[in-house]
Amino acid sequence: MDGDRVDIDGGIMEGGGQILRVSTALSCLRGLPLRVRRIRAGRSQPGLRPQHLMGLEMIRDLCEGKLEGGEIGSTEITFTPGKIKGGTHLADTKTAGSVCLLMQVAMPCVLFAASPSELHLKGGTNAEMAPQIDYTVMVFKPIVEKFNFTFNCDIRKRGYYPQGGGEVIVQMSPVKELSPINLTERGTVTKIYGRAFVAGALPIKLAKEMAAAAVRCIRKEIRDLYINIQSVREPDDQAVGTGSGIIIVAETSTGCLLAGSSLGKRGKNSDKVGIEAAEILLKNLKHGGAVDDSLQDQLIIFMALAKGVSRVKSGPVTLHTQTAIHFAEQLTKAKFTVTKSEEEDPSKDAYIIECQGMGMTNSNL
């Protein structure tokens, strides 16, 4: 702490953009001035990339704050937040930078705004190293809404690597406070569904091959369930560029959603894309957790803000999740504990992430 300013080392633990997202969102929410040094020191190209800068600028505009050091390649920023306001906000990465990561940084903030918000996010909708927009809609949305808020996500255009060009509009209304969640009962898998997609110059045949390969792979482990993976070709007026990929979701008797996904790229066999997604799903089903490995870190900030005790059963805790917990504790009064789940079944490798939330309340409402 330098006076009231929180000093963050962006090079520790996961050492990537997530540190920036969690700490600026919480700085904005708590009205704490922030300095982040050694930004993305753990990456091959350290410093701010376009999507990180856009996220920062959107947060700055959301709360009429001040941002210094905000340029591409910058490894240090200072941020002084103001008061969060609703309304329409635009962020355009002008690249295939992920719209889902832009959503991650803005969403906690606009929940505590004075009025409803509409976020116009432009960039990559299905990008490497980030959740696909389909994951956000099919898995993240229904689970995160258990914190007692809702949002609408309208996919206007899909955009793929390298040019991006996708466009998503997110609408949400503010809340007084967030409720804690309890996601500890996994239940049994009741259905498996998904979508395999192609866009641009690629034939629908590739989507069908991805889906068929995924089904064959899942069938080796799960024989008695109908698996419904739709093969789709994205309409040309709703997609920019050429891309392909697949997401497969398993739904359980207790309403848990776990997924596996994969993206196609030049030179990568479509069977391999389908098998990769299926293997990720099966691995998520094997550990016995109630959330998959991609969701655990995305829930941390909401658990920290909620009022009361949240409990989530996950597989092995990822470095992304450990990093989110570290910075959430540093910037809020939330307290996390992670314990090995007492499983009857020794083949399961599950953990309970428990959080006594700070009970953030919206002073605007």
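Values in this document were obtained by computation on a predicted structure and should not be read as measured data.

The bond known as a disulfide is covalent and runs between the sulfur atoms of two cysteines. In this structure the tally under the stated criterion is 0 disulfides. The cysteine cysteine 63 is free of any disulfide, with cysteine 28 supplying the nearest cysteine sulfur at 3.9 Å. Accessibility expressed as a relative area gives 0% for cysteine 63, which makes it buried. Left without a disulfide partner, cysteine 109 is nearest to the cysteine sulfur of cysteine 28, which lies 3.7 Å away. With a relative accessible area of 0%, cysteine 109 lands in the buried category.

Those places that UniProt annotates as "domain: RNA 3'-terminal phosphate cyclase insert" (unreviewed entry) correspond, in this numbering, to residues 184-285. Along residues 184-285 one finds 31% helix and 36% strand; the C-alpha atoms at either end are 14 Å apart.

We now examine the sheet that holds strand 15 (residues 309-314). As summarised here, the arrangement of the 4 strands in space is 9-15-17-16, forming an open sheet in which the pairing is mixed. Single-partner strands in this sheet number two, and they are strand 9 (182-183) and strand 16 (335-340). Pairing analysis gives 6 bridges linking strand 16 to strand 17 (residues 351-356), with the strands arranged antiparallel. Counted as the bridge partner of phenylalanine 336 is cysteine 355 from strand 17. Strands in contact with helix 8 (residues 319-331) are strand 16 and strand 17; relative to strand 16, the strand with the most contacts, it is inclined by about 150°.

Each value, and the rule that gives it
Residues numbered from 1 in each chain as written. Predicted model: local features only at pLDDT ≥ 70, side-chain atom pairs only at ≥ 80, totals over all residues. Heavy atoms only, no water. Disulfide = S-S within 2.5 Å. Buried < 20%, exposed > 50% of the residue type's maximum accessible area, 1.4 Å probe, protein only. UniProt positions renumbered as here; feature names shortened; annotations may be inferred. Helix = DSSP H or I, 4+ residues; strand = E, 2+ residues; numbered from the N terminus. Pairing = 2+ DSSP bridges. Contact = heavy atoms within 4.5 Å. Axes fitted to C-alpha atoms, helices over the stretch in contact; angles between N-to-C directions.

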